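# A closer look at the structure
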Amino acid sequence: DWSYHDLSPAERATVRESLKWRITHTLDDYAWRKGKGRIVRRGSIAVSCSSHPYENTMVTMAGALAVCDELPIARKALEIGLHYIVGITSGHGEDEGWNEGPGYGNGKMKWLMDATAYLQTTCPGLNLGRNDAYSAYADFFARITPLGARHCSFGNRGRNERDWASSRVTTMRRVAMLCGNGQAMQNWPMPYSPWIDYVLPYHAAEPAPAAESATTKLFPLEGWVTTSSAAPSDYTAQQDAVSMTFHCRPRGGYSHSFRNENAFDLHAYDQTLIAGGGTTSNQSFFANHTMSHNTILVNGHEQVGAKSGTAATCGRIVAYQAGDDYVYWAGNATPAYGPESGLAHFVRHVVSVDNAWFAVFDDLRMRDDAPPATFQWLLHIPQPVPLAFDAPSFTLRYAIEDTRMLVQHVATPAELTYANLRGAAGMTNPVTGDALTTMDKWLRGKKAKKRVPKPLDAHHLWVSHKKPQRRMRFLAVLAPSRQGETEPQSKGSRTLEE
């Protein structure tokens, strides 16, 4: 539209025919129907939400707007697209997009903001920025990955910081402009998609950046807790901050998110010290398996509730309290393991103490009709750094660059076992024998790729106990510190009851 009067009739015809081809292909062969419009495509926006047909429709709508006064197919595309946006808001809403961590979560919110920009700039009277949901979503994504976090365990593409950070930059700027949201503007206030950023200043002014005032937050419906010693959107402050992201979600893990209720990531002093999911690749069974995350296995078996669809809920945050020098929460992930596991109770209690270190207490119990079990307490260190383990005190120490980490099990350490499985060795379950490296999609089917990506060179720690138990309780301290500073101290216990 901007260059319409500068083009010759022949140039206009070229643009019009190009747009006509793209719109027709999108509607009749990709995102809506197939076979030149004769058959409804089940994996399209005609029937359900499917990522790429939806995204293709979004980017095609801009062209449809440009020629909707000249081409019937453009008017049809615009009508279908707008009805889809208005009726569903986002094809990747709370049931999926906001459940998947920073990778696909931020990416899908970017498409939501694309759709919003089309609609708001076309119909300014809608005042979509008054909808509090946009700022709520921005607040959520700002907290689950504080600025400067290197990796994230909670969904595909979580390890590729550059990937999800670019989506975050784009999303936050658009929310900032749409809603006048200073907190969103605090998240790296720079343009990333010029074609939209040329348009937005005509409709809204940039708000002044403003970091969060509350650095800890519970998302009870979604099933997340985030805590940090500094504002999550303050990049400078995060260089000296200690933070944890934890989830126990009613919806559980599926699609691009993982089966890892009661799992967490820990970031401190500009380093990600604890994070699971391996490479977090779309194609990796290891990434999706509970074995690759910082949670619990029962007799070596993973969480299956979300996978099987038999459980009404997979988990829930059941307690939360914040005080002047602590934050406490608890997640009940029992349903995520399914009835066949025999598990009667798994509640993980976490306390953040003095914004500096964490205590993690796991209470596990089998059903009365189930035999005793072994429980596996898992911890994943994303870098191949040297580890120093002291067996008598059951204390592990390591450092990533200038940040040190202490992990100590203080409940009945004499009853515990310890194993450090590194790299590919950590992708074979030592209890069940399942070799997840041979299950990856790269190795299956006629289109299997010849080059299989190398396993991530990381440490996969397995803590278990020597004898099967009907009830088991783990109590661990996680204490990060900077090199040269006093290491946080924990008081060990002779027995858990004491």
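First things first, this report covers the structure right here in the doc. (Residues numbered from 1 in each chain as written. Predicted model: local features only at pLDDT ≥ 70, side-chain atom pairs only at ≥ 80, totals over all residues. Heavy atoms only, no water.)

### Some thoughts on the sheet that holds strand 4 (residues 224–228)
Two strands in a sheet stick together by hydrogen bonds in their backbones, pointing the same way (parallel) or opposite ways (antiparallel). Strands sit in the order 3-4-5-6-7 across an open sheet of five strands; the sheet is antiparallel. Unpaired on one side and paired on the other, strand 3 (216–219) and strand 7 (271–274) mark the two borders of the sheet. Direction aside, neighbouring strands of the sheet carry axes that sit 15 degrees apart on average. Strand direction decides the pairing type here: strand 4 and strand 5 (residues 242–247), joined by five bridges, are antiparallel. If you follow Thr 226 over to strand 5, its bridge partner there is Thr 245. (Pairing = 2+ DSSP bridges. Helix = DSSP H or I, 4+ residues; strand = E, 2+ residues; numbered from the N terminus. Axes fitted to C-alpha atoms, helices over the stretch in contact; angles between N-to-C directions.)

### Description of the packing of helix 1 (residues 9–30) against helix 2 (residues 51–67)
Across the interface, helix 1 lies against helix 2 with an axial gap of 9 Å and an inter-helix angle of 145 degrees. When you trace helix 1 past helix 2, the crossing you get is left-handed. Residues Leu 19, Arg 22, Ile 23, Thr 26 and Tyr 30 of helix 1 touch helix 2, and the partners they reach there are His 52, Pro 53, Asn 56, Thr 57, Val 59, Thr 60, Gly 63, Ala 64, Ala 66 and Val 67. Taken together, the residues that form the contact of helix 1 with helix 2 break down as eight nonpolar, six polar and one charged. (Left-handed = near helix turned anticlockwise from the far one by under 90°. Contact = heavy atoms within 4.5 Å. Nonpolar A, V, L, I, M, F, W, Y, C, P; charged D, E, K, R; others polar.)

### Digging into helix 6 (residues 161–179)
Across its 19 residues, helix 6 extends 26 Å between first and last C-alpha, which sits within 8% of the 27 Å expected from 1.5 Å per residue. Burial analysis of helix 6 places 14 of its 19 residues in the buried class, the great majority of the element. Taken from the residues just after helix 6, Gly 180 is the one with a positive phi, measuring 65 degrees. (Expected span 1.5 Å × (residues − 1). Buried < 20%, exposed > 50% of the residue type's maximum accessible area, 1.4 Å probe, protein only.)

### Here we look at the sheet that holds strand 17 (residues 416–422)
Read from one edge to the other, the open sheet built from four strands follows the order 8-13-18-17, with strand pairing classed as antiparallel. Each end of this open sheet is capped by a strand with a single partner; those strands are strand 8 (296–298) and strand 17. The sheet shows a mean angle of 25 degrees between the axes of neighbouring strands, taken without regard to direction.

### Section: the side chain of His 267
Mapped onto the fold, His 267 is located in strand 6 (residues 263–268). Given a relative accessible area of 6%, His 267 falls into the buried group. Within the local environment of His 267, its side chain forms a polar contact with the side chain of Thr 272, the two groups lying 2.9 Å apart. Setting aside its immediate chain neighbours within four residues, His 267 contacts Pro 146, Ala 149, His 151, Ala 241, Val 242, Ser 243 and Thr 272. (Polar contact = N/O pair within 3.5 Å; in protein donor to acceptor, adjacent residues only side chain to side chain.)

### Some details on the environment of Asn 106
Among the structural elements, Asn 106 can be located in helix 4 (residues 101–122). Through-space distance from the C-alpha of Asn 106 to that of Met 172 is 9.4 Å; in sequence the pair is 66 residues apart. Side-chain polar atoms of Asn 106 contact the backbone oxygen of Pro 102, separated by 3.0 Å.

### With respect to the pattern of salt bridges
If you walk through the whole model with that rule in mind, you get 14 salt bridges. Ionic pairing is found between Arg 471 and Asp 363, a salt bridge with its closest N-O pair at 3.0 Å. Within this pair, whereas Arg 471 is found in strand 19 (residues 471–482), its partner Asp 363 is found in strand 12 (residues 357–366), the two being separated by 108 residues in sequence. With relative accessibility at 40%, the residue Arg 471 sits in the partly exposed group. Through salt bridges with shared partners, one network takes in Asp 139, Arg 143 and Lys 217. (Salt bridge = Lys/Arg side-chain N within 4 Å of Asp/Glu carboxyl O.)

### Description of the nonpolar core
Within the largest apolar cluster, 47 residues are counted, with the highest numbers of intra-cluster contacts made by Leu 266, Ile 274, Phe 375, Tyr 398, Phe 474 and Leu 478. Sequence-distant contacts of Ile 274, defined by excluding residues within four places in its chain, comprise Phe 264, Asp 265, Leu 266, Asn 294, Leu 379, His 380, Pro 382, Tyr 398, Met 405 and Leu 478. Ranked by size, the runner-up nonpolar core spans 40 residues in total, among them Ala 64, Trp 111, Phe 140 and Ala 184. (Core = buried A, V, L, I, M, F, W, Y, C linked by side-chain atoms within 4.5 Å.)

### Considering helix 4
An ideal rise of 1.5 Å per residue puts 32 Å on 22 residues; helix 4 measures up with 31 Å between its terminal C-alpha atoms. For helix 4, the tally of buried residues reaches 19 of 22 residues, placing the bulk of the element in the interior.

### Section: the packing of helix 2 against helix 4
Direction vectors running N to C along helix 2 and helix 4 enclose 25 degrees, while the axes themselves pass 11 Å from each other. The angle between helix 2 and helix 4 falls in the class roughly parallel. Crossing angle aside, the handedness with which helix 2 passes helix 4 is left-handed. Residues Ser 51, Tyr 54, Glu 55, Met 58, Val 59, Met 61, Ala 62 and Leu 65 of helix 2 form the contact with helix 4, whose participating residues are Lys 108, Trp 111, Ala 115, Tyr 118 and Thr 122. A breakdown of the residues in the contact of helix 2 with helix 4 according to their chemical character gives nine nonpolar, two polar and two charged. (Parallel < 35°, antiparallel > 145°, perpendicular 65-115°, else oblique.)

### What about the packing of aromatic side chains?
Under the criterion given, the structure shown has nine aromatic pairs. Between Phe 154 and Trp 224, the aromatic rings sit 5.1 Å apart at their centres with planes inclined by 75 degrees, giving edge-to-face as the arrangement. Here Trp 224 lies in strand 4 and Phe 154 lies in the loop between helix 5 (132–144) and helix 6, a separation of 70 residues in the sequence. Here Trp 224 falls in the buried class, since its relative accessible area comes to 0%. Taken together, the ring pairs connect Phe 140, Phe 141, Phe 154, Phe 219 and Trp 224 into an aromatic cluster. We note Arg 41 situated over the ring of Tyr 30; from NZ or CZ to the ring centre the distance is 5.3 Å. Residue placement shows Lys 110 over the ring face of Trp 111; its charged tip is 4.9 Å from the ring centre. (Phe/Tyr/Trp six-rings, centres within 6.5 Å; stacked < 30°, edge-to-face > 60°. Lys NZ or Arg CZ within 6 Å of the ring centre and 35° of its normal.)

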